[in-house]
Amino acid sequence: MNRATIEIILGIAVIVIFVIGTLLLIPSGAEGEEGWGGADGGAADMIDESGYEPWFNPIWEPPSGEIESLFFCVQAAIGAVIVGYFFGYWRGAKGRKDDE
Amino acid sequence: MHIMEGYLPIEWCVLWAVLSAPCVIYGLWRMKQMIQQDRRVLPLMAVCGAFVFVLSALKIPSVTGSCSHPTGTGLSAAFFGPWITSVLGTIVLVFQAILLAHGGLTTLGANVFSMAIAGPFVAWLVFVALRKSKVGLGLAVFVTAAVANLVTYTVTSLQLALAFPADGSILSAFIAFAAIFAVTQIPLAIIEGIICGLVAKYIVRVKPDILKKLGIIGDDEIAKIQGEAA
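Here the structure is a predicted model, which means the values were calculated and not measured.

Some points on the overall build of chain A
Within chain A one finds 3 helices and 0 strands. Expected size for 100 residues packed as a compact globule is a radius of gyration near 13 Å; at 22 Å, chain A overshoots this value by more than 25%. Dimensions along the principal axes, computed over C-alpha positions, put chain A at roughly 70 × 35 × 25 Å. Considering chain A as a whole, with its 100 residues, one finds that 20% of them fall into the buried category. Charged side chains of chain A number 5 positive and 15 negative; the gap between the two group centres comes to 33 Å.

Below, the structure written as structure tokens:
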């Protein structure tokens, strides 16, 4: 294996081990409370505790967690399609050049 | 790093919007100029923007037992500098504010300032300094992306602390918000750095000419990075 491949495999391994390790080793969420909440929400909770009332509500909110995850997936998919398209295009063009 | 809709008093919303708007407008102008000069930068710009889309959609669990997401702005900050990055970041933030109720339109200015301006700006300075001192591209992008991420969340904590001082003290409020954001963010910054560093090297392998034109990398280093794949 060349150095580039090893680097990529190591990089992915570190990320996977970190994410799985975190989920396995770290307890999250007090009893009855949902664990692994977003940090954004954590900050909002802290502000709520000071008695602050948000003065403006989102003009539209995803009606459920499912719909919200749908839009997150759409967001990631749009990005992934663009990245994949150009990486493939560049790689293909480079391959043709190398063949000549 | 998203400050949720309505969670920032109106005077702060206005202040951050006023600070952010000129940067984004200048970024748009720079972007237009760059594309007019050479349309070949467009694909790389699209990839950098797409990268912000992908990475900021991924919520990753972290050591504090909560989830947060990378910003993805490091790659674009390294290649295109902070101004163009501010435009790319704003696109994502508007998408999330409207379709996901994540962040918000009233807090858009503050969120743009932290994620699309302050983070990329500091990260870009770091990138330029690292490259001047001959640090390899992969490592330089790794650090740049991690810095962009951490600075973004530090600025968010500061923005919230300024608006909501705990018992009148901005510092103690800052520490409290930073405990929620910044600590969660450290491992994520490293993950983001790894991804961006690897992607940057991959781009050098398949399409080095755009980066060379942008003055990011020279022939010697291109040959070296391409040699690693052989």
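We are not done yet, so read on.
Brief notes about unusual backbone geometry
A negative phi angle characterises most non-glycine residues, just as the trans form characterises most peptide bonds. The backbone of alanine 101 of chain B sits at a positive phi, close to 50°, despite the residue not being glycine. Unusually for a residue other than glycine, lysine 134 of chain B sits at a positive phi of about 65°.

Considering the UniProt feature "transmembrane region" (unreviewed entry) in chain A
Residues and elements named next belong to chain A. The sites that UniProt annotates as "transmembrane region" (unreviewed entry) are residues 7-26 and 69-90. The distance from the first to the last C-alpha atom of residues 7-26 is 28 Å, and the span holds 95% helix and 0% strand. Secondary structure content for residues 69-90 is 100% helix and 0% strand, and the end C-alpha separation is 31 Å.

Things to note about the pattern of salt bridges
Going through the model one piece at a time under the given rule, you end up with 11 salt bridges over all chains. With its nearest N and O atoms 3.0 Å apart, the salt bridge here joins glutamate 228 of chain B to arginine 3 of chain A. Of this pair, glutamate 228 of chain B sits in helix H8 (residues 219-228) while arginine 3 of chain A sits in helix H1 (residues 3-25), on two different chains. Through salt bridges with shared partners, a single network forms among Arg3 and Glu7 of chain A together with Lys201, Arg205 and Glu228 of chain B.

Digging into the interface of chain B and chain A
By convention, interface size is frequently given as the accessible area that disappears when the constituent parts associate. Each partner contributes residues to the interface: chain B has 64 residues there, and chain A has 52 residues. Where chain B abuts chain A, roughly 5100 Å² becomes buried across the two surfaces, and 76% of that area is made up of carbon and sulfur atoms. Across the chain B-chain A interface, the total number found is 3 salt bridges. Of the charged contacts, one joins glutamate 7 of chain A and lysine 201 of chain B as a salt bridge, the two residues approaching to 2.9 Å between their closest N and O atoms.

Conventions used here
Residues numbered from 1 in each chain as written. Chains lettered and ligands numbered in written order. Predicted model: local features only at pLDDT ≥ 70, side-chain atom pairs only at ≥ 80, totals over all residues. Heavy atoms only, no water. Helix = DSSP H or I, 4+ residues; strand = E, 2+ residues; numbered from the N terminus. Rg over C-alpha atoms; globule rule 2.2 N^0.38 Å. Buried < 20%, exposed > 50% of the residue type's maximum accessible area, 1.4 Å probe, protein only. Lys, Arg positive; Asp, Glu negative; His and termini not counted. Charge placed at Lys NZ, Arg CZ, Asp CG, Glu CD. UniProt positions renumbered as here; feature names shortened; annotations may be inferred. Salt bridge = Lys/Arg side-chain N within 4 Å of Asp/Glu carboxyl O. Contact = heavy atoms within 4.5 Å. Buried area = accessible area lost by both parts, 1.4 Å probe.

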